[in-house]
Amino acid sequence: MPEFDSTRLDAEFSTYRAAMLPTITPDGPTAVRRTVRRRRRRAAMAVAAALVVAVAVPVAGQAGLRRDPGPPATAPPTPSDSPSPSPSPSVSSAPPAPDGRIERTELLAATVDLPTWGDLPERPDGKACASRGVRLSGDPVSDDPNLLVELGYGDVDRDGAMETVVLVRCLPGTRGPAQVVAFDRDPVGRIVTLGRVAATADPTPEWLIGLEVRADGVTRVAMADRAPGPGWPLEQSQRQWRGYRWDGSRFRQTEGPTGFGPNPYAADLSVSSSNLALAREPGDSFAGTIEVRVRNTSAGEVAEAVLSFDLPWQLRPVGDGWKRCRENMAVAPAPYRCTLGKLAPHADIRLTLGFKRAQGTPLASGKATIELSGSGADGTTLLERERDDNLATFTHYYR
């Protein structure tokens, strides 16, 4: 550019600046802050928009991948409201089984029904045991007929809730009967009888000792073949555990023995006798015979059975009927004893035994007794639950 033209432009710019600068007012701090805030908002909105795009694109892609292809459309879809959410799978509305755990104090205060005692052996006093609307007693020395001996808890019917199992004995202080009973609750909480688990029986078991309920629902009952009592300690009873399970309608035995073998300490012996009719013989003597029946009603052998006689001293054993005795009765001293030896299980022996009243020995009519006892192979006296039939009484009189 020619130097002349450059000089003229510089002069023009100088004139313009001189005229315009006084009219221009620079922005203050407030204007600067507004500008900065506006630029920051625009930047934040841009970042947010970018994030939305970044998230939406993969999600849309995955949704497209998961969507199963439908059948080809035959008509344009009809607009509709948003579909309702699918209902969740139905849950059973059956109420839970009631809790059948009954504490001892509550059970003793309640009135309950027991399975009938009618099919169990009677009490020794011959009285019937109540089974409907009864109150259980917790006092073994009371006069209440139904004693609560023991109780346990477990899910015996497998319904997910507990039940209460009790051992009840009729007439405490006797040899039974007894039974193990399961109780539950109905839906309103009342105590109801589920069923009988086990019971005493004739001939065995004569005694129920205790119970336990396992986690698998099996109720185990401890029992003995012989009931303890006068002259019979429980230690000489045979004992065993039997397991019972609820089958939906009753308890059935599923474990343990189903019976007892012969008890080596026990016997069931009995003796009976006819009366003695004394008839006159030559020389002013009198003689006669009695028919004696000896039985072993138990399933075990008696190693040695013995007859013991309580007779007036005027009567002496005579005749061949005594040959079964181990002793020589012709020379045996009083009181007389006849050792019969072994008695097989269920043995039944009949003896004809003669007696004589010697001359010159007056004897009035009266009574005499015979007692039968037994011992085991080791010489131990065998114990019996009933000893009334081990003694026979006969009358001696003159024809």
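Remember, it's a predicted structure, so these values are computed and weren't measured experimentally.

Participant: What exactly am I supposed to notice about the nonpolar core here?
Facilitator: The nonpolar side chains of a soluble globular protein tend to be buried, and buried together. Among the nonpolar cores identified, the biggest contains 35 residues, and Val294, Leu307, Phe309 and Phe355 are the most heavily contacted of them. Listing elements by their share of this core, those giving two or more residues are β9 (269-273), β10 (276-281), β11 (285-296), β12 (302-310), β14 (337-343), β15 (348-357), β16 (366-375) and β17 (391-398). Sequence-distant contacts of Val294, that is, excluding residues within four places in its chain, are made with Ser270, Val271, Leu307, Leu340, Leu343, Ala347, Asp348, Ile349 and Leu372. Membership of the second largest hydrophobic core comes to 18 residues, among which are Leu114, Trp117, Phe183 and Ala199.

Participant: Whenever I open this one, the side chain of Ser137 confuses me. Can you help?
Facilitator: Structurally, Ser137 is set in the loop between α3 (104-109) and β1 (146-154). Setting aside residues no more than four positions away along its own chain, Ser137 makes contact with Leu108, Ser142, Asp144, Asn146, Leu147 and Leu148.

Participant: Mind showing me how you'd approach the state of the cysteines here?
Facilitator: Working definition of a disulfide: a covalent bond connecting the sulfur atoms of two cysteines. Considering all chains together, one arrives at two disulfides under this definition. Covalently, Cys129 is tied to Cys170 through a disulfide, its sulfur atoms 1.8 Å apart. Handedness here is read from the sign of the S-S torsion; for Cys129 and Cys170, about -95°, the answer is left-handed. Of this pair, Cys129 sits in the loop between α3 and β1 while Cys170 sits in strand β2 (residues 163-170), placing them 41 residues apart in sequence.

Participant: Help me understand the sheet that holds β1 in this model?
Facilitator: Strands in a sheet are paired, the pairing made by backbone hydrogen bonds, and the direction either parallel or antiparallel. Taken together, the four strands give an open sheet; going across it, the order is β1-β2-β3-β4, and neighbouring strands pair in antiparallel fashion. Lying at the two open borders of the sheet, with one neighbouring strand each, are β1 and β4 (191-199). Averaged over neighbouring strand pairs, the angle between their axes works out to 25° when direction is ignored. As defined by bridge partners, β2 adjoins strand β3 (residues 178-185) across six bridges and the pair is classed as antiparallel. Note on β3: the bridge partner recorded for Thr164 is Phe183.

Participant: I tried to follow the packing of aromatic side chains on my own but got confused; where do I start?
Facilitator: Two measures describe an aromatic ring pair: the distance that separates the ring centres and the angle between the ring planes. Across all of its chains, the model carries six aromatic pairs by this definition. On the numbers, 5.0 Å between centres and 80° between planes, the contact of Phe286 with Tyr398 is edge-to-face. Highlighted residues: Phe286 in strand β11 and Tyr398 in strand β17, separated in sequence by 112 residues. Within the aromatic cluster, the residues linked to one another by ring pairs are Phe309, Trp322, Phe355 and Phe394. A cation sits over an aromatic face here: Arg101 above Tyr153, 3.8 Å from the ring centre. Positioned over the ring face of Trp207 is Arg169, at 3.8 Å from the centre of the ring.

Participant: Even after reading the chapter, I still don't get the environment of Ser365, so can you show me in this structure?
Facilitator: Looking at the element boundaries, Ser365 is found in the loop between β15 and β16. Judged by relative accessible area, Ser365 falls into the partly exposed class, the value being 48%. The spacing of Ser365 and Thr395 is 30 residues in sequence and 7.4 Å in space, taken between C-alpha atoms.

Participant: Please clarify how the side chain of Arg242 should be interpreted in this entry.
Facilitator: Position of Arg242 relative to the elements: it lies in strand β7 (residues 239-246). At 9.4 Å, Asp225 is the nearest oppositely charged side chain to Arg242, a buried residue that forms no salt bridge. A distance of 3.1 Å separates a polar side-chain atom of Arg242 from the backbone oxygen of Pro257. Excluding its chain neighbours within four sequence positions, the residues that come into contact with Arg242 are Thr219, Arg220, Val221, Met223, Gln253, Glu255, Gly256, Pro257, Thr258, Gly259 and Phe260.

What counts and how
- Residues numbered from 1 in each chain as written.
- Predicted model: local features only at pLDDT ≥ 70, side-chain atom pairs only at ≥ 80, totals over all residues.
- Heavy atoms only, no water.
- Core = buried A, V, L, I, M, F, W, Y, C linked by side-chain atoms within 4.5 Å.
- Buried < 20%, exposed > 50% of the residue type's maximum accessible area, 1.4 Å probe, protein only.
- Helix = DSSP H or I, 4+ residues; strand = E, 2+ residues; numbered from the N terminus.
- Contact = heavy atoms within 4.5 Å.
- Disulfide = S-S within 2.5 Å.
- Pairing = 2+ DSSP bridges.
- Axes fitted to C-alpha atoms, helices over the stretch in contact; angles between N-to-C directions.
- Phe/Tyr/Trp six-rings, centres within 6.5 Å; stacked < 30°, edge-to-face > 60°.
- Lys NZ or Arg CZ within 6 Å of the ring centre and 35° of its normal.
- Lys, Arg positive; Asp, Glu negative; His and termini not counted.
- Salt bridge = Lys/Arg side-chain N within 4 Å of Asp/Glu carboxyl O.
- Polar contact = N/O pair within 3.5 Å; in protein donor to acceptor, adjacent residues only side chain to side chain.

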